[in-house]
Amino acid sequence: MEQEKIKEGVLPHDSEWNDSDKVFDQLNKDFEAVIAKDILTVTEAVQNGKPLLGFFTQGTPEIFAALDLPRWFAATMQLMALRSEEAPKIIDFSAQLGLTTFMCSYVKAGVFLLQTGSFPTPTMLIGATEPCDGNVALWQMASEYRPWANIPKFLIDIPYGMDKLDIDDARVRYLAEQIKASTSFMEEHCGRKMDIDHLKEVCDESNRARQLWWEFQELRRAVPTPVSFLWGQPVYALNQVLACGKPETTEWMQRLVDATEKRVKERKGIGGVTDKIRLLWYDLTPSWGHKLFPQLEKDFGAVVSMEMLGWMPPLTPIDTSTEEAIYESLAKRYSIGPPMLRQGMASLDTYCNDLVHIVNDFKIDAVILPGHVGHKNTNAVVKICSDVCRETGVPSLFLGCDVYDERYMTANEVYEKIGRFLSATNFA
Amino acid sequence: VSPFDIYIQKVNGYVEEMRARGRQIRVFQAPDSLKQLREGLPVRIGPEASTGVILREETFIDLGSPESGSSAFVLWTGKPSLIKDGRITLIGQDIAEARDKNLPFGQVFMVGGMGLTNEKHRAVQYLQFAGNRIEGYMARCSGLNLWVRVSKDAAGKGVCFESLGKALMAIYKADSLGIEAVQVVFVTSSREDVELLNDIAKQVQNISREIVRADWQNRGYDVDCVFDCRACENRTACDDIRRVLRRQENDGKNESSCRLQ
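Model, not experiment: these values are computed from the prediction.

Participant: Even after reading the chapter, I still don't get the overall build of chain B, so can you show me in this structure?
Facilitator: Counting secondary structure elements, chain B contains 8 helices and 9 strands. Here chain B has a C-alpha radius of gyration of 24 Å; the compact-globule value for 261 residues is 18 Å, and the former is much larger. Summarising its shape, the C-alpha atoms of chain B cover approximately 80 × 45 × 40 Å along the three principal directions. Out of the 261 residues in chain B, the part that is buried amounts to 51%. For chain B, long-range pairs separated by at least 24 residues make up 86% of all intrachain contacts whose partners lie at least 6 apart in sequence.

Participant: Looking at this structure, how should I read the packing of helix 6 (residues 105–115) of chain A against helix 7 (residues 133–144) of chain A?
Facilitator: Between two packed helices, what matters for the description is the angle formed by their axes and the separation of those axes. Residue and element names in this part refer to chain A. At their nearest, the axes of helix 6 and helix 7 sit 9 Å apart, and the two run at 10° to each other. By the angle class used here, helix 6 and helix 7 are roughly parallel. Counting all contacts with helix 6, which are made through Tyr106, Val107, Gly110, Val111, Leu114 and Gln115, the residues of helix 7 involved are Gly134, Asn135, Leu138, Met141 and Ala142.

Participant: When you look at the sheet that holds strand 4 (residues 87–91) of chain B in this model, what are you seeing that I'm missing?
Facilitator: One key point about sheets: their strands pair by backbone hydrogen bonds, in either a parallel or an antiparallel sense. Residue and element names in this part refer to chain B. With mixed pairing, 5 strands are arranged side by side in an open sheet as 1-4-9-6-3. Of all the strands in the sheet, just strand 1 (25–29) and strand 3 (70–77) have a single pairing partner and so form its edges. Going across the sheet, the axis of each strand differs from the next one's by a mean of 10°, ignoring polarity. Strand direction decides the pairing type here: strand 4 and strand 9 (residues 181–187), joined by 4 bridges, are parallel.

Participant: Help me understand the environment of A:Gly245 in this model?
Facilitator: Along the polypeptide, A:Gly245 turns up in the loop between helix 10 (232–242) and helix 11 (247–265). Discounting chain neighbours no more than four positions away, the residues touching A:Gly245 are A:Val202, A:Glu205 and A:Ser206.

Participant: In this structure, what is going on with the pattern of salt bridges? I would like to understand it.
Facilitator: A side chain of one charge can pair with a side chain of the opposite charge when the charged atoms of the two come close. Here the structure, examined in full by the defined rule, presents 43 salt bridges over all chains. Here A:Glu218 ties to A:Arg221 by a salt bridge, and the two come within 2.7 Å at their closest N and O atoms. The buried category is assigned to A:Glu218, whose relative accessible area is 4%. Classification of A:Arg221 by relative accessible area gives buried; the value is 6%. B:Arg99 is paired through a salt bridge with B:Asp100; the nearest N and O atoms lie 3.9 Å apart.

Participant: Even after reading the chapter, I still don't get the pairing of strand 4 (residues 153–156) of chain A, so can you show me in this structure?
Facilitator: Put simply, side chains in a regular strand alternate between the two faces of the sheet. Residues and elements named next belong to chain A. Here strand 4 shows a buried face lined by Phe154 and Ile156 and an unburied face lined by Lys153 and Leu155. As judged from the 4 bridges shared by strand 3 (residues 124–128) and strand 4, these two strands associate in the parallel manner. When the sheet's bridge partners are listed, Ala128 is paired in strand 4 with Ile156. Running through helix 7, the crossover from strand 3 to the neighbouring parallel element strand 4 is right-handed.

Participant: Even after reading the chapter, I still don't get the state of the cysteines, so can you show me in this structure?
Facilitator: All names here are of chain A. Using the criterion set out here, one finds 0 disulfides over all chains in the structure. Cys203 supplies the cysteine sulfur nearest to Cys190, a cysteine that is in no disulfide, at a spacing of 17 Å. Here Cys352 is not disulfide-linked; the sulfur of Cys385 is the nearest cysteine sulfur, at 4.9 Å.

Participant: Help me out: how do you make sense of the environment of A:Glu266 in this one?
Facilitator: All names here are of chain A. Inspection of the secondary structure puts Glu266 in the loop between helix 11 and strand 5 (277–281). Judged by relative accessible area, which is 37%, Glu266 ranks as partly exposed. Linking Glu266 and Pro226, residues 40 residues apart in sequence, is a C-alpha distance of 9.5 Å.

Participant: Would you explain the environment of A:Ala65 in this entry?
Facilitator: All names here are of chain A. With respect to the helices and strands, Ala65 occurs in helix 3 (residues 61–66). Taking the C-alpha atoms as reference points, Ala65 and Leu212, 147 residues apart in sequence, are found 19 Å from one another. With near-sequence residues (within four places) excluded, Ala65 lies in contact with His198, Val202 and Cys244.

Participant: When you look at helix 18 (residues 411–424) of chain A in this model, what are you seeing that I'm missing?
Facilitator: A turn of α-helix holds 3.6 residues, and therefore any two residues three or four places apart point the same way. Residues and elements named next belong to chain A. For helix 18, built from 14 residues, the straight-helix expectation of 20 Å at 1.5 Å per residue is met to within 8% by its first-to-last C-alpha distance of 20 Å. All buried positions along helix 18 are accounted for by Ala411, Val414, Tyr415, Ile418, Gly419, Phe421 and Leu422. Considered in projection along helix 18, the buried side chains sweep an arc of 165° and stay on one side of the axis. Residues of helix 18 that are exposed and angled more than 90 degrees away from the buried face: Asn412, Arg420 and Ala424. Buried residues in helix 18 make contact with strand 5, helix 12 (289–300), strand 6 (302–307), strand 7 (366–369) and strand 8 (396–398). Trailing helix 18 by a residue or two, Asn426 shows a phi angle of about 65°, which is positive.

Participant: What is the right way to look at the side chain of A:Glu130 in this model?
Facilitator: Residue and element names in this part refer to chain A. Residue position: Glu130 is located in the loop between strand 3 and helix 7. For the buried Glu130, no salt bridge is present, and the opposite-charge side chain at shortest range is Arg210, 12 Å distant. A distance of 3.2 Å separates a polar side-chain atom of Glu130 from the backbone nitrogen of Gln58. Excluding its chain neighbours within four sequence positions, the residues that come into contact with Glu130 are Thr57, Gln58, Gly59, Asn135, Val136, Ile158, Tyr334, Leu341 and Met345.

Participant: Looking at this structure, I do not really get the packing of helix 15 (residues 348–361) of chain A against helix 17 (residues 382–392) of chain A. What am I missing?
Facilitator: Residues and elements named next belong to chain A. With their axes 10 Å apart at the nearest point, helix 15 and helix 17 run at an angle of 40° to one another. Note on packing geometry: the crossing formed by helix 15 with helix 17 is right-handed. Residue-level contacts link Leu348, Tyr351, Cys352, Leu355, Val356, Val359 and Asn360 of helix 15 to Ile384, Cys385, Val388, Cys389 and Thr392 of helix 17. Looking at the contact of helix 15 with helix 17 residue by residue, the class counts come to 10 nonpolar, 2 polar and no charged.

Participant: I'm lost on unusual backbone geometry in this one. Help?
Facilitator: Excluding glycine, residues mostly have negative phi values, and the peptide bonds linking residues are mostly trans. All names here are of chain A. Along the chain, Val223 connects to Pro224 via a cis peptide bond; the corresponding omega equals 0°. Position of Pro224 among the secondary structure elements: in the loop between helix 9 (196–219) and helix 10. At Asp68, a residue that is not glycine, the phi angle is positive and equals roughly 55°. Within the fold, Asp68 resides in the loop between helix 3 and strand 2 (71–73). Phi at Lys363 is positive, roughly 50°, even though this residue is not glycine. Mapped onto the secondary structure, Lys363 falls in the loop between helix 15 and strand 7.

Quick notes on the rules
Residues numbered from 1 in each chain as written. Chains lettered and ligands numbered in written order. Predicted model: local features only at pLDDT ≥ 70, side-chain atom pairs only at ≥ 80, totals over all residues. Heavy atoms only, no water. Helix = DSSP H or I, 4+ residues; strand = E, 2+ residues; numbered from the N terminus. Rg over C-alpha atoms; globule rule 2.2 N^0.38 Å. Buried < 20%, exposed > 50% of the residue type's maximum accessible area, 1.4 Å probe, protein only. Contact = heavy atoms within 4.5 Å. Axes fitted to C-alpha atoms, helices over the stretch in contact; angles between N-to-C directions. Parallel < 35°, antiparallel > 145°, perpendicular 65-115°, else oblique. Pairing = 2+ DSSP bridges. Salt bridge = Lys/Arg side-chain N within 4 Å of Asp/Glu carboxyl O. Right-handed = clockwise from strand over helix to strand, strands pointing away. Disulfide = S-S within 2.5 Å. Expected span 1.5 Å × (residues − 1). Arc of directions from axis to C-beta. Lys, Arg positive; Asp, Glu negative; His and termini not counted. Polar contact = N/O pair within 3.5 Å; in protein donor to acceptor, adjacent residues only side chain to side chain. Left-handed = near helix turned anticlockwise from the far one by under 90°. Nonpolar A, V, L, I, M, F, W, Y, C, P; charged D, E, K, R; others polar.

Dropping the structure here:
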C-alpha cells in the first residue's frame with residue numbers, strides 16, 4: 001500500500017494552521033515518521049526471518065512493546081486498505097467469495113488482505129473475541145488459512161459485560177489470565193523471556209502518555225473546538241497501536257497537549273472556521289470524511305467535537321506494583337478502553353451513558369448517529385439512542401451510511417441530510 | 001422503603017467510623033431555602049457559570065485523579081426525614097489547605113423528596129456531574145470516579161467545601177426533580193478512606209444497575225442480556241454446529257476453507 005494514500009483520511013486534513021501552529025505540522029510529520037518506521041520494522045522482520053507477530057486485536061500493546069517484538073496490526077492494515085484508491089475493488093472482493101454483502105467493509109478488507117496474501121507472513125498469530133462478529137469470523141478465516149496452517153495461534157477470550165468490572169473481580173482475573181497466557185505464548189514463539197522490570201517501565205511510560213491523552217481530551221472540551229477531531233486518531237494510533245510505552249510517544253503527546261493548550265488559552269478554534277454548532281459523530285470516522293466535514297465546517301460552522309475512535313473512556317492507569325497487578329490492570333484497561341469493544345461488549349446502558357456524558361462534557365449541540373452498515377449492534381439501538389438524545393435535550397440524526405464505502409451513501413448525500421437536519425432543528 | 005435507605009444509614013455510619021479513627025472532621029450547616037443557599041456564594045452557579053476547561057497552570061487543586069483515588073455516588077430516598085438537610089461533612093483537608101495538591105476524593109450526595117422514585121433514578125444520578133455548572137470547577141470523569149479541578153481564580157474567591165456543598169445543594173434543589181432535602185459528605189483524608197467508601201459505592205452500583213435495567217425493561221428493552229451459553233435458548237444450534245465442525249476436522253474435509261483459498 002502506498003504510504004501517500006494511507007495518509008489521506010488518517011491525518012488531520014486541515015491545512016489552514018496559521019503561523020503559530022507550525023508545531024501541529026511538525027507533529028503530523030513526526031507521526032508519519034513513526035508509521036514509516038513501523039512499516040520498516042515489519043519489512044525487516046519478514047526479510048530477515050525474525051519473529052513477527054500478526055495481531056488481530058486491539059489489546060495490550062504494552063506486552064509486545066516490552067518483548068520488543070515486531071508486529072503488524074490487522075486493523076491498521078485493513079484501515080489503510082480502505083483509505084486507498086483500491087478500496088472499492090477490495091470491498092467487492094469478498095462478495096466474489098460468496099460472503100454476505102452486509103458484512104462490515106472493514107472486515108471485507110481483512111478478507112481481501114488475507115486471501116490475496118497481502119498480510120506479511122507472521123511467525124505467530126494472536127486474536128481476540130472482540131467485536132464485531134465479522135472480526136471474529138475473520139480470525140476464524142485466518143486460523144483456517146492454509147498457507148498459515150503451521151503458524152502457532154492464540155485466541156484471547158474476552159468475557160461480555162466488562163462494564164461490570166468494578167463489581168466483578170472474577171471477570172478481571174479471567175481476562176488477566178488470558179493476557180498472561182498470551183504472553184507465555186509470545187515468549188515461547190519468539191524465544192525471549194519477558195523481563196518484568198522492563199514491562200513495568202513500559203507500563204509506567206504508557207501511563208504517562210495516557211495521562212497526557214486524557215489532558216488532550218479535556219482540552220477538546222473547550223469552546224471553540226481547539227483542534228480538528230481527526231487528531232484523536234493519531235493519538236489513538238500511537239498509544240494503542242504503533243508506539244505504546246515509548247518515551248517518544250510521551251514526548252509527542254506532551255507537545256500536542258502544550259500546543260492545544262496554547263490554542264485554548266488564546267481561544268482559537270480550527271483555522272478559518274466559525275465554531276457555531278458542535279456535533280458528536282457517534283461512530284468511527286468515515287474514510288470519505290475529508291469530503292464532508294470541511295464543507296460542514298465552512299457552510300454551517302458545524303464542527304465535529306468528538307467521535308468514537310478519538311474518545312477515551314475513563315482513564316485506567318496500570319498498577320505496576322506487582323506482576324499480578326500489572327496483568328489485572330492491563331485487563332481492565334483492555335476491556336474498558338478500545339472502541340467497539342466498549343460499545344459492543346458492555347451493556348446498552350453503558351453505551352447510552354457514554355453518549356450522555358460526551359454530550360454534556362463536550363457541550364454537544366446535535367448528535368449524528370451514522371449507523372455504519374457493518375455495526376449491527378449500534379444499528380439495533382438507534383431508537384433507544386434517539387430517545388436518550390431527546391431526554392438529554394439534543395436533537396439526533398440517523399444516517400445509515402457505510403463509513404468505509406462511499407458508494408453506499410455518498411459524502412454529498414450525507415452532507416445534504418445533515419444540512420436539512422440542521423435547518424429543521426433551527427441550527428442553520 | 002427506597003432501595004437506598006439502608007445505604008444512607010451506612011454512609012452516616014462511615015462518617016462515625018472516620019470520627020472514631022480520629023480523622024479531622026468538619027461539619028457545616030447550610031440554610032434550607034434555595035434563595036439563602038445562593039446568597040453569599042463566592043462563585044456563580046448555573047448553566048452559563050462554567051468557565052470551561054481549567055488548564056493545568058490555572059489549577060489550584062486536583063481532586064480524585066486515578067492515581068489518588070476517587071469514589072462518588074448519589075443516594076436518594078422518598079423519605080426526606082432520613083436526610084439531615086443542609087448538612088455538609090468534610091473529612092480531611094479543605095481546598096485552601098491543599099494548594100497544588102492532588103488529593104483523593106470522595107463525594108456522596110444524599111437527597112430526599114416525597115416524589116423520588118425509581119423512575120427518577122437516572123436523572124438523579126446525572127446530577128452528580130452538576131459540578132460543571134459552577135464557576136471555576138470542572139468535573140472530569142464518570143462512573144464511580146469523580147475527578148475534579150478547582151481553579152486558582154475560584155480558590156482565590158474563597159471556594160471551599162462548605163461553599164461547594166452549598167452550590168451543589170442549590171443546583172440540586174433548583175432542579176425539577178422534587179428534591180426537598182440534601183446532605184453531602186466530602187472525603188479528602190486518604191486513599192484508604194476513599195476506598196472504604198468505595199465498598200459502599202459498589203453495593204450501591206449493583207442496586208443502581210438493577211433499577212436501570214428494570215427501567216429499560218419497562219420501556220420494552222432488555223439492556224443487559226444473559227451471556228451464559230448454558231442459559232441460551234439456542235444452545236442446541238451451537239452444539240450442532242460444533243459437532244459438525246468436529247466431524248469435518250476429523251474427516252479432514254473443511255470445505256469452507258478449501259473453497260475460500
